[in-house]
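Residues per chain, in single letters:
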Amino acid sequence: MIIPLSHVLVVSAGLFALGVFGALTRRNAIGILMAIELILNSANLNLIAFGRARGDAGGEAQVVALLVIGIAAAGAVVGLALVLAIYRHRKTISADEIKLLKG
Amino acid sequence: MSQVGPLELAAKAAFYVVAAGTLAGAWAAVSARNLFRAALGLAVALFGVAILYLFLEAEFLAVTQILVYVGAILTLLVFGVMLTARMADPALPRWNRQCWAGLAVAAALGLGLAHLLFHAPWPAPRDVAAPPGLPVLGKTLLSTYLLPFEVLSLLLLGALVGALFIAKKEQA
């Protein structure tokens, strides 16, 4: 591998930090979903980088990454359906205006 | 690897350019006021990650990344943005009141991780012969990992039906 492992991992850590920032601070629920996709991508990047650096003869790292991509798709679909349902009921998808469960 | 050829140098430079572009796209995705622009930034970031997969010699994963993320999930998110958001309303704050706390947490996390990464005693990288090809990948997916694969297909079916049920119009 021509790229040092730690450099790929730093890119992945940066993606993770940006995703955490977005998930914590975005007001729009769709923005939060986008940030969560970033976090999942950083995890996948880590999997592939370690698989490449430590030997992945059976392709396990790539298989796990594929499964993560599938689960991310399912999560995005259900999350977006929830956002649309909330928008239909309450005419807002701002995460800090949706406080139905707050006592 | 005592001698660094010009091709290798170019590949390294391309890696850092792509990495910087990926992070810039990710920053746009979490900070753009206009949610549509955030989606475009996310597209840049996802494409960048696909190219990083190519650098790591995971070609099938790069193709899957573009198909599933850029082709499907991003389209879905753009649909959601157009159906719900008052997109370019400058009166709406883009971040909530925890903005600075969130920034502090994320910065501490990112810098801490980077510090750990550079100072951790990684074992020396093995001289890996070749990355697994597509036949190996398919065999592993459909033999050792058959059960997770099938469970994933069930999960996707459940997500499909559940999303339809949640998002459908209620009968009054």
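Below is a short write-up of the structure.

**So, the overall build of chain B**
Right, so step 1: If you tally the helices and strands in chain B, you get 6 helices and 0 strands.
Right, so step 2: The secondary structure elements of chain B, listed N-terminal to C-terminal, are α-α-α-α-α-α.
Right, so step 3: For chain B, with 172 residues in total, the buried portion stands at 24%.
Right, so step 4: For chain B, long-range pairs separated by at least 24 residues make up 50% of all intrachain contacts whose partners lie at least 6 apart in sequence.

**Regarding the overall build of chain A**
Right, so step 1: Scanning chain A from terminus to terminus reveals 3 helices and 0 strands.
Right, so step 2: The secondary structure elements of chain A, listed N-terminal to C-terminal, are α-α-α.
Right, so step 3: Taken over C-alpha atoms, the radius of gyration comes to 17 Å for chain A, far larger than the 13 Å a tight globule of 103 residues would show.
Right, so step 4: Split into buried and exposed, the 103 residues of chain A put 53% on the buried side.
Right, so step 5: Taking the contacts inside chain A whose residues are at least 6 apart along the sequence as the reference set, 52% of them involve residues at least 24 apart.

**Quick look at the interface of chain A and chain B**
Right, so step 1: Opposite the 64 residues of chain A that make contact, chain B presents 74 residues.
Right, so step 2: Elements with a contribution of two residues or more to the side of chain A that touches chain B: helix H1 (5-25), helix H2 (29-54) and helix H3 (60-90) of chain A.
Right, so step 3: The biggest single contributor to the side of chain A that touches chain B is H3(A), with 21 residues.
Right, so step 4: Per-class residue counts for the side of chain A that touches chain B are 44 nonpolar, 12 polar and 8 charged.

**Examining the packing of H2(A) against helix H3 (residues 59-84) of chain B**
Right, so step 1: Between H2(A) and H3(B), the least distance of the axes is 11 Å, while the angle of their chain directions is 170°. By the criterion of interaxial angle, the relationship of H2(A) to H3(B) is roughly antiparallel. Along its contact with H2(A), which presents Ile30(A), Leu33(A), Met34(A), Glu37(A) and Ile48(A), the element H3(B) presents Leu61(B), Ile73(B), Leu77(B), Gly80(B), Val81(B) and Thr84(B).
Right, so step 2: For the contact of H2(A) with H3(B), the per-class residue count stands at 8 nonpolar, 2 polar and 1 charged.

**Focus: the environment of Ala19(B)**
Residues and elements named next belong to chain B.
Right, so step 1: Relative to the elements of secondary structure, Ala19 occurs in helix H1 (residues 6-31).
Right, so step 2: On the basis of neighbour counts, which here come to 23 C-beta atoms within 10 Å, the residue Ala19 falls in the buried class.
Right, so step 3: Each C-alpha atom of the pair Ala19 and Ala45 lies 9.1 Å from the other, and the pair is 26 residues apart in sequence.

**Topic: unusual backbone geometry**
Right, so step 1: In this model, Glu57(B) sits at a positive phi of 60°, which is unusual for a non-glycine residue.
Right, so step 2: Secondary-structure assignment places Glu57(B) in the loop between helix H2 (35-55) and H3.

**Focus: the nonpolar core**
Most often, soluble globular proteins keep nonpolar side chains buried together rather than apart.
Right, so step 1: Counting residues in hydrophobic clusters, the biggest one holds 67 residues, and the most contacted among them are Ile30(A), Met34(A), Ile48(A), Leu52(B) and Tyr53(B).
Right, so step 2: For this core, the elements supplying multiple residues, two or more each, are H1, H2 and H3 of chain A together with H1, H2, H3 and helix H6 (146-167) of chain B.
Right, so step 3: Counting residues per element, this core draws most heavily on H3(A), at 14 residues.
Right, so step 4: Among residues more than four places away in sequence, those in contact with Ile48(A) are Ala61(A), Gln62(A), Ala65(A), Tyr53(B), Leu56(B), Ala58(B) and Leu61(B).

**Description of the packing of H2(B) against H3(B)**
Residue and element names in this part refer to chain B.
Right, so step 1: Contact pair H2 / H3: the axes reach a minimum separation of 8 Å and the direction vectors enclose 175°. As far as their axial angle goes, H3 and H2 are roughly antiparallel. Where H2 approaches H3, its residues Leu35, Phe36, Ala39, Leu42, Ala43, Leu46, Phe47, Val49, Ala50, Tyr53 and Leu54 are matched on the opposing element by Glu59, Leu61, Ala62, Gln65, Ile66, Tyr69, Val70, Leu74, Leu77, Val78 and Val81.
Right, so step 2: When the residues that make up the contact of H2 with H3 are grouped by side-chain class, the tally is 20 nonpolar, 1 polar and 1 charged.

About the criteria used
Residues numbered from 1 in each chain as written. Chains lettered and ligands numbered in written order. Predicted model: local features only at pLDDT ≥ 70, side-chain atom pairs only at ≥ 80, totals over all residues. Helix = DSSP H or I, 4+ residues; strand = E, 2+ residues; numbered from the N terminus. Buried ≥ 20, exposed ≤ 12 C-beta atoms within 10 Å, placed from the backbone. Contact = placed C-beta atoms within 7 Å. Rg over C-alpha atoms; globule rule 2.2 N^0.38 Å. Nonpolar A, V, L, I, M, F, W, Y, C, P; charged D, E, K, R; others polar. Axes fitted to C-alpha atoms, helices over the stretch in contact; angles between N-to-C directions. Parallel < 35°, antiparallel > 145°, perpendicular 65-115°, else oblique. Core = buried A, V, L, I, M, F, W, Y, C linked by C-beta atoms within 7 Å.

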